[in-house]
Amino acid sequence: MFCHTVKVGTAAGMEEIMNRKWWKEAVIYQIYPRSFMDSNGDGIGDLQGIISRLDYLKYLGIDVIWLSPIYKSPGDDNGYDISDYQDIMDEFGTMADFDTLLAAAHERGIKIVMDLVVNHTSDEHRWFVESRKSSDNEYRDYYIWKKGKDGGTPPNNWGSCFGGSAWQYDEATDMYYLHLFSRKQPDLNWDNPKVRREVFDMMTWWCDKGIDGFRMDVISMISKTKEMPDGKVHDLYGDYAPYCVHGPNVHKYLQEMNKEVLSRYDIMTVGETPGVTTQLAGQYAGEDAGELNMVFQFEHVEGDGKYGKWTDEKIPLTTLKKILSRWQTELYGKAWNSLFWDNHDQPRAVSRFGDDRPAYREVSAKMLATCLHMLQGTPYIYQGEELGMTNYPFQSPDDFRDIESINAYREWCLDGQLSHEVFWPCITFKSRDNARTPMQWSDSEQAGFTTGTPWIAVNPNYREINAKAQAADPESVFHYYRKLIALRREHPIMVYGRYEELLADSEELFVYTRTLESETLLVVCSFCDHETVFAIPQEFAGASCLISNRNGDYTGTKITLKPYEAFVLHTNV
């Protein structure tokens, strides 16, 4: 019989709750504007569409909206290629629309966090237009230019995240520029103080407008080494990471950013930091680091690929727990966790970590929500996650709109060594387009997203999975999220309690406790599609049930858990 002794409050727990911050206690909702709500029938989501759905978000209970990029952009990477940081993409609306959105959100007590993309710009940004004109142009050093090797090959063997070489030849000056992503996304040269000044002035402009923070795109990649040798070959190209990720001056530049901009405002900052470790997270987001509030780590959503990032296999539960537990324990009292299952770059959570078959989709979506929101840190909800939206049933490469997916299919299948039959399950499982299909508002035509033709197809299951139906059903995934968010406001232990994992070797159950002073939570989540037996620790005999996705009886000593069952017990002694 399983038995465990629960530890009661600690000095670290007391210190943690004394260091309260609004962004620690918030629940954040990510909007991918192109796919959220279209107000004018052109098939593309826009700012007025977001405004029209603010009351829905208020009803859900979230505190902060994180907007994926809305700046002026040619749209090569759906807005992550910015041509003007102080203007709005034409398809999304105008700056007046943004001002209306900001005011309307603030009226409802909802904060707005912008996506800051400053590792690179669009090649149509005026800085780069000037930079490529000549080698002595005043903007030349705003970007990273190199001569090619003898024989007309790129400066090194680095591969781009979106396929192909990380270097693009430019005939005008017979040189190459670095682009770690699309060739239309040249990397900025952060070693140039003029670049940093431009970025800081732009950030100040937005803060003065009244925004509430920044999510910083691939911010761990802004500093590159002076030397740029060939990288170790993985799959098709050389690895740039040792020379471009967590570079020599990244902390110096972020401390400068904090001093010049961030510290002057009561805002939230979260850095997207590929390749981060718990130790590095403390440098980026430690309580006294003077850089960011928190970072996104990606260990639980990366590193599981068969072919680069591509796979059709789910991560083993013991591996997932080991990763999440390490972040919970090693950051506690030192830095703050960001909690997420999915986002605009990841497949849908219920398809990847849960079970999207009709019999299990709702219950597994609730289980995943329980597991995540009971962890220590700030939870992020990606649009549609609160409905249990699923991956899209892609039928053809023509269904893709994502540049990464399109290029990967070409490199691995059309030009590479894999057959369609081998690669197709992998790319459809992991494609970013899974997260980018339109928000499913109702069972009306095009899921209520648009009156026109959507820029990317609506998932055909929208008649069964949509916000209108779930808002009317008190037992829906949507209302389960509402309850979790409300509980977070009522119980500081959900925010600040110390984490401890139980049953680390189980491939079926994710079990952990949270402890703050005299309170303790026991969180039990089944990640399997069959029944399992769990012995309730004696310390929780007769404990009250805070929340459950199956409304079971948890007063006994042994519980037979149904598939994907989750419950949380609460004691206060």
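Structure's up top.
This is a predicted model, so every value here is computed, not measured.

K.L.:
Help me understand unusual backbone geometry in this model?
P.N.:
For residues other than glycine, phi is negative in most cases, and the peptide bonds are mostly trans. Here Gln446, not a glycine, exhibits a phi torsion of approximately 55°, which is positive. The residue Gln446 is located in the loop between helix H16 (420–430) and helix H17 (467–471) in this model. Unlike most non-glycine residues, Glu517 shows phi in positive territory, near 55°. Assessed through its relative accessible area of 40%, Glu517 is described here as partly exposed.

K.L.:
Explain the sheet that holds strand E17 (residues 509–516) to me, please; I cannot follow it from the model alone.
P.N.:
Strand order in this open sheet of five strands is E16-E17-E18-E22-E20, and the pairing throughout is antiparallel. Edge positions in the sheet fall to strand E16 (498–502) and strand E20 (544–548), since each of these pairs with one other strand and no more. Averaged over all neighbouring strand pairs, the angle between strand axes comes to 20°, with direction disregarded. Note: E16 against E17, five bridges, orientation antiparallel. Paired with Glu501 across the bridge in E17 is Tyr512. Packed on one face of the sheet, helix H14 (residues 361–373) meets E17, strand E18 (519–526) and strand E22 (566–572) and runs near 145° to E18.

K.L.:
How should the environment of Trp310 be read in this particular structure?
P.N.:
Looking at the secondary structure, you find Trp310 in the loop between strand E13 (294–296) and helix H12 (317–331). Between the C-alpha atom of Trp310 and that of Met202, which follows or precedes it by 108 residues, the distance is 36 Å. Excluding residues within four positions of it along the chain, Trp310 makes contact with Gly305, Glu404, Ser405, Ala408, Trp412, Phe423, Cys426, Ile427, Lys430 and Ser431.

K.L.:
Please explain the packing of helix H6 (residues 95–107) against helix H8 (residues 193–209) as it appears in this structure.
P.N.:
Contact geometry for H6 and H8: axes closest at 11 Å, N-to-C directions at 50°. With respect to H8, the axis of H6 lies oblique. Here H6 contributes Met95, Phe98, Asp99 and Leu102 to the contact with H8, which in turn contributes Trp205, Trp206 and Lys209. Of the residues belonging to the contact of H6 with H8, the class tally is five nonpolar, no polar and two charged.

K.L.:
Looking at this model, I keep getting lost on the pairing of E22. Mind explaining?
P.N.:
Burial runs high along E22: six of the seven residues are buried. Across seven bridges, E18 lies against E22 in antiparallel orientation. The residue of E22 that forms the bridge with Glu519 is Asn572. Both E20 and E22 contribute to a ladder of four bridges, which runs antiparallel. Across the sheet, residue Ser544 finds its bridge partner in E22, namely His570.

K.L.:
Would you mind showing me how to read the nonpolar core here?
P.N.:
Nonpolar side chains in soluble globular proteins tend to end up buried together. Judged by nonpolar contacts, the single largest core of 145 residues is most densely connected at Phe98, Met203 and Phe214. Aside from chain neighbours lying at most four places away, what touches Phe214 is Val113, Met114, Leu116, Met203, Trp206, Cys207, Leu262, Ile267, Met268, Thr269 and Val270.

K.L.:
For this particular structure, what's the right way to read the environment of Ser220?
P.N.:
Looking at the secondary structure, you find Ser220 in the loop between strand E9 (213–216) and strand E10 (233–234). Measuring from C-alpha to C-alpha, the distance between Ser220 and Asp77 comes to 19 Å, with 143 residues separating the pair along the chain. When residues no more than four places from it in sequence are discounted, the contact partners of Ser220 are Cys244, Val245, His246, Gly247, Val250, Glu272, Thr273, Pro274 and Tyr284.

K.L.:
Looking at this model, I keep getting lost on H6. Mind explaining?
P.N.:
Residues spaced three or four apart along an α-helix point in a common direction, a consequence of the helix completing one turn every 3.6 residues. With 13 residues, H6 ought to run about 18 Å at 1.5 Å a step, and its terminal C-alpha atoms sit 18 Å apart, in line with that. Within H6, burial applies to Met95, Asp97, Phe98, Leu101, Leu102, Ala104 and Ala105. Structurally, H6 contributes buried residues whose contacts are with helix H4 (47–52), helix H5 (54–60), strand E2 (64–67), strand E4 (84–88), strand E5 (111–116) and H8.

K.L.:
Looking at this structure, how should I read the side chain of Ser351?
P.N.:
Within the secondary structure layout, Ser351 lies in helix H13 (residues 349–352). Residue Ser351 is classed as buried on the basis of its relative accessible area, which comes to 5%. Within the structure, the side chain of Ser351 is placed 2.9 Å from the backbone nitrogen of Asn391, a separation counted as a polar contact. The contacts of Ser351, once residues within four sequence positions are left out, are Lys314, Asp356, Thr390, Asn391 and Phe429.

K.L.:
I would appreciate a short explanation of the packing of aromatic side chains in the present structure.
P.N.:
Centre-to-centre distance and the angle between the planes together describe a pair of aromatic rings. The final tally for this structure, using the stated rule, is 42 aromatic pairs. Summarising the aromatic geometry, the rings of Trp190 and Phe200 are spaced 6.3 Å apart at their centres and angled 65° between planes, so their arrangement reads as edge-to-face. Note that Trp190 is positioned in the loop between strand E8 (175–178) and H8 and Phe200 in helix H8, a separation of ten residues in sequence. Since its relative accessible area comes to 1%, Trp190 is described here as buried. Ring geometry for Trp205 and Trp206: centres 5.0 Å apart, planes at 90°, overall edge-to-face. When its relative accessible area of 0% is taken as the criterion, Trp206 is described as buried. Directly above the ring of Trp22 sits Lys111, whose terminal nitrogen or CZ lies 4.7 Å from the centroid.

K.L.:
Could you clarify how one ought to interpret the pairing of E9 in this entry?
P.N.:
Successive side chains on a regular strand alternate, one facing one side of the sheet and the next facing the other. Where burial is concerned, the two faces of E9 agree: the one with Gly213 and Arg215 and the one with Phe214 and Met216 are both buried. Both E5 and E9 contribute to a ladder of three bridges, which runs parallel. The residue bridging Met114 from the neighbouring strand is Phe214, located in E9. Sheet topology places E9 next to strand E12 (residues 268–272); four bridges connect them, and they run parallel.

K.L.:
So what exactly am I meant to see when it comes to the side chain of Asn258 here?
P.N.:
With respect to the element layout, Asn258 can be found in helix H10 (residues 250–260). What makes Asn258 buried here is its relative accessible area of 16%. Among the polar contacts made by the side chain of Asn258, one reaches the main-chain carbonyl oxygen of Glu291 at a distance of 2.8 Å. Discounting chain neighbours no more than four positions away, the residues touching Asn258 are Ser263, Gly290 and Glu291.

K.L.:
Would you explain the sheet that holds strand E7 (residues 167–170) in this entry?
P.N.:
The strands making up a sheet associate through backbone hydrogen bonding, with each pair oriented either parallel or antiparallel. Spatially, E6-E8-E7 is the arrangement adopted by the three strands of the open sheet, whose pairing is antiparallel. Every other strand in the sheet has two partners, leaving strand E6 (145–146) and E7 as the edge strands with one partner each. Pairing between E7 and E8: four bridges, direction antiparallel. The partner of Trp167 across the bridge, within E8, is Leu178.

So, how was this worked out
- Residues numbered from 1 in each chain as written.
- Predicted model: local features only at pLDDT ≥ 70, side-chain atom pairs only at ≥ 80, totals over all residues.
- Heavy atoms only, no water.
- Helix = DSSP H or I, 4+ residues; strand = E, 2+ residues; numbered from the N terminus.
- Buried < 20%, exposed > 50% of the residue type's maximum accessible area, 1.4 Å probe, protein only.
- Pairing = 2+ DSSP bridges.
- Axes fitted to C-alpha atoms, helices over the stretch in contact; angles between N-to-C directions.
- Contact = heavy atoms within 4.5 Å.
- Parallel < 35°, antiparallel > 145°, perpendicular 65-115°, else oblique.
- Nonpolar A, V, L, I, M, F, W, Y, C, P; charged D, E, K, R; others polar.
- Core = buried A, V, L, I, M, F, W, Y, C linked by side-chain atoms within 4.5 Å.
- Expected span 1.5 Å × (residues − 1).
- Polar contact = N/O pair within 3.5 Å; in protein donor to acceptor, adjacent residues only side chain to side chain.
- Phe/Tyr/Trp six-rings, centres within 6.5 Å; stacked < 30°, edge-to-face > 60°.
- Lys NZ or Arg CZ within 6 Å of the ring centre and 35° of its normal.

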